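Fold and contact review
So you can see what is in the structure, the chains are spelled out below.
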Amino acid sequence: MHPQITDLAGVAEMIGAHPRTVATRARNGEIPGARVGAAWRFWRPAVLTAVVGEAAARHASSEVNMADEPQIITPKELTELLGVGQLTVMSLIHAGKIPATKIGGRYRIFWPAIRDAIAAGRPLNHEGDQ
């Protein structure tokens, strides 16, 4: 999984809350995150900003050099970055919930759009059906 992506248990541990509380707060939009299949995924700096403010988020973001971030990735790479199964990613691509372009018979995904959607707590496809 990408070092700045975490799940319900990771957020719960980070902020000292129960995972069910984190899920409820995420559903209500109080903690930014996105559903990826059945799993919640969160961008650590965005969670820190929501919970304790900008200074903590800047510190957390400085741990990852954004210049080293991938731009165009494959579904397999997305499964590794999000820590979910390849079947989940492919199902979401086919359902239109993860934006992807098929090039030469293979899907390509723009990682910054996925990362930013998770950080903002938006559905990955920018539509409200997740």
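Only a predicted model underlies this, so the values are computations on that prediction, with no experimental measurement involved. (Residues numbered from 1 in each chain as written. Predicted model: local features only at pLDDT ≥ 70, side-chain atom pairs only at ≥ 80, totals over all residues. Heavy atoms only, no water.)

1. Points about the nonpolar core
- One finds Leu 78, Leu 82, Ile 98, Trp 111, Ile 114, Ile 118 and Leu 124 to be the most contacted residues of the largest nonpolar core, which totals 21 residues.
- Elements with a minimum of two residues in this core: strand E2 (34-36), helix H5 (75-82), helix H6 (86-94), strand E6 (106-110) and helix H7 (111-120).
- Top contributing element to this core by residue count: H7, with four residues.
- Counting nine residues, the second-largest nonpolar core is a separate cluster that includes Val 11, Ala 12, Ile 31 and Phe 42. (Core = buried A, V, L, I, M, F, W, Y, C linked by side-chain atoms within 4.5 Å. Buried < 20%, exposed > 50% of the residue type's maximum accessible area, 1.4 Å probe, protein only. Helix = DSSP H or I, 4+ residues; strand = E, 2+ residues; numbered from the N terminus.)

2. Here's the deal with the packing of helix H1 (residues 8-15) against helix H2 (residues 19-27)
- Contact geometry of H1 with H2 gives a least axis separation of 8 Å together with a crossing angle of 105 degrees. One way to sum up the angle between H1 and H2 is to call them roughly perpendicular. Of the residues in H2, those touching H1 at Leu 8, Val 11, Ala 12 and Ile 15 are Pro 19, Val 22 and Ala 23.
- Looking at the contact of H1 with H2 residue by residue, the class counts come to seven nonpolar, no polar and no charged. (Axes fitted to C-alpha atoms, helices over the stretch in contact; angles between N-to-C directions. Parallel < 35°, antiparallel > 145°, perpendicular 65-115°, else oblique. Contact = heavy atoms within 4.5 Å. Nonpolar A, V, L, I, M, F, W, Y, C, P; charged D, E, K, R; others polar.)

3. Section: the packing of aromatic side chains
- Counted under the stated rule, the structure contains one aromatic pair.
- An angle of 15 degrees between the planes, with centres 5.8 Å apart, marks the rings of Trp 40 and Phe 42 as stacked.
- Overall, Trp 40 belongs to the buried group, its relative accessible area being 8%.
- With a relative accessible area of 0%, Phe 42 lands in the buried category. (Phe/Tyr/Trp six-rings, centres within 6.5 Å; stacked < 30°, edge-to-face > 60°.)

4. Focus: H1
- All buried positions along H1 are accounted for by Gly 10, Val 11 and Ala 12.
- The inward-facing, buried residues of H1 contact strand E1 (5-6), H2, strand E3 (39-43) and helix H3 (44-52).

5. A closer look at the environment of Ile 93
- The residue Ile 93 is located in helix H6 in this model.
- Assessed through its relative accessible area of 8%, Ile 93 is described here as buried.
- Spatially, the C-alpha atoms of Ile 93 and Pro 75 are 8.6 Å apart, while their sequence positions differ by 18 residues.
- Discounting chain neighbours no more than four positions away, the residues touching Ile 93 are Pro 75, Ile 98, Ala 100, Tyr 107 and Ile 109.

6. Focus on H3
- Listing the buried residues of H3 in full gives Pro 45, Ala 46, Val 47 and Leu 48.
- Looking one or two places after H3, you find Gly 53, whose phi comes out positive at around 115 degrees.

On their own, these measurements won't tell you what the molecule is for.
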